[in-house]
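# Observations on the model geometry
So the chains spell out like this:
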Amino acid sequence: MVVGNIELHTIGNVFGAGVITLGILGYAITIFAVVGAINAFNMVDGIDGLLGGLSIVTFGGLGILLAHDGQLNIAYLCLVMVVIIVPYILLNLGVFGRKRKVFMGDAGSMLIGFTVIWFLLLSSQNGNHPPLQPVTALWLIAVPLMDMAAIMIRRMRRGDSPFKPDREHLHHIFQRLGFSSTQTLITICSIAALYAGIGILAEINKVPEYVMFYSFMVCFVVYLTLLSNIWKITVWIREK
């Protein structure tokens, strides 16, 4: 943060009461945000191709916004990340045979999470008129972020550690509903693309930050409610 001169200076006008500047708290909140993003992308890496697909959605969405703002240098880096990840996904899915199948592992998923949050900080915090509002970043990483937050809240409600592993992530739920790994991958990446698309359109059309933030929180509350009642929903779907 010190050498790169990148930190969370402001979270914008997310509550509709004026721009919130973090001041000296910026360093601590930046560390929290970076660790959170790293953990979110690490936790979502549960089935073949999922982390790569979600990463492409995030880097692709960010690249579109940067290109729209004329920030072609960083947009080009986002394109480079997408081009790097595509062949990995093909190998990870075993397109070229099981002998050539590769896995990302914790080091890869953590590096992706770090790169994503660093690019988002670089795009939302530098300059007087950054290419995207801080709240737009939430929409670009909506699925990993919501999944991590909801899972941790559920674990703490049970009295467990928020970092205790379990099989209650979104991809596990889809598979218990009868989706194949490929169907789960396509469905979750489509949901992520929908969220990113909403964020991109809202950013381009200058939707107020507080509207974007409250809309995101509504989506999260709905997701958390569905996740908290997933067993009832699963039984109901199977009975139908």
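Everything here concerns the structure above.
Structure report, in brief. All values reported here derive from a predicted model rather than from experimental measurement. (Residues numbered from 1 in each chain as written. Predicted model: local features only at pLDDT ≥ 70, side-chain atom pairs only at ≥ 80, totals over all residues. Heavy atoms only, no water.)

## Comments concerning unusual backbone geometry
Note: most residues except glycine have negative phi, and most peptide bonds are trans. Our working definition: Under the DSSP-based scheme used, a helix requires at least four consecutive residues in state H or I and a strand at least two consecutive residues in state E, with every element numbered from the N terminus.
Located in the positive-phi region is Lys 206, a residue other than glycine, with phi close to 55°. Residue placement: Lys 206 occurs in the loop between α8 (181-204) and α9 (209-228).

## Comments concerning helix α1 (residues 26-43)
What counts is decided by this rule: Multiplying 1.5 Å by the residue count of a helix minus one yields the expected span of that helix. We call two residues in contact whenever any of their non-hydrogen atoms come within 4.5 Å of each other.
If you check α1, its first and last C-alpha atoms are 25 Å apart, about what 18 residues at 1.5 Å a residue would give, namely 26 Å. Those residues of α1 that are buried are in contact with α2 (50-68), α4 (105-125), α6 (142-157) and α7 (170-176).

## Brief notes about the nonpolar core
Soluble globular proteins tend to bury their nonpolar side chains together. Rules: The definition of a nonpolar core used throughout is a set of buried Ala, Val, Leu, Ile, Met, Phe, Trp, Tyr and Cys residues joined through side-chain atoms within 4.5 Å. The classification of residues rests on relative accessible area computed with a 1.4 Å probe and restricted to protein chains. Under 20% of the type maximum is buried, over 50% is exposed, and intermediate values are partly exposed.
If you look at the biggest cluster of nonpolar residues, it comprises 59 residues, and the most contacted ones within it are Leu 50, Leu 54, Leu 62 and Leu 140. Here Leu 54 is in contact with Val 44, Val 143, Pro 144, Ile 188, Cys 189 and Ala 192, once residues within four sequence places are set aside.

## Examining the pattern of salt bridges
What counts here: The salt bridge criterion pairs a side-chain nitrogen of Lys or Arg with a carboxyl oxygen of Asp or Glu, the two atoms within 4 Å.
Applying the stated criterion to the full structure yields 2 salt bridges. A salt bridge links Lys 101 to Asp 48, with the nearest nitrogen and oxygen atoms 2.8 Å apart. In this pair, Lys 101 sits in the loop between α3 (72-92) and α4 while Asp 48 sits in the loop between α1 and α2, placing the two residues 53 residues apart along the sequence. Linking Asp 160 and Arg 158 is a salt bridge whose minimum nitrogen-to-oxygen distance equals 3.2 Å. A residue is classified by how much of its surface remains accessible, and Asp 160, at 25% relative accessible area, is partly exposed.

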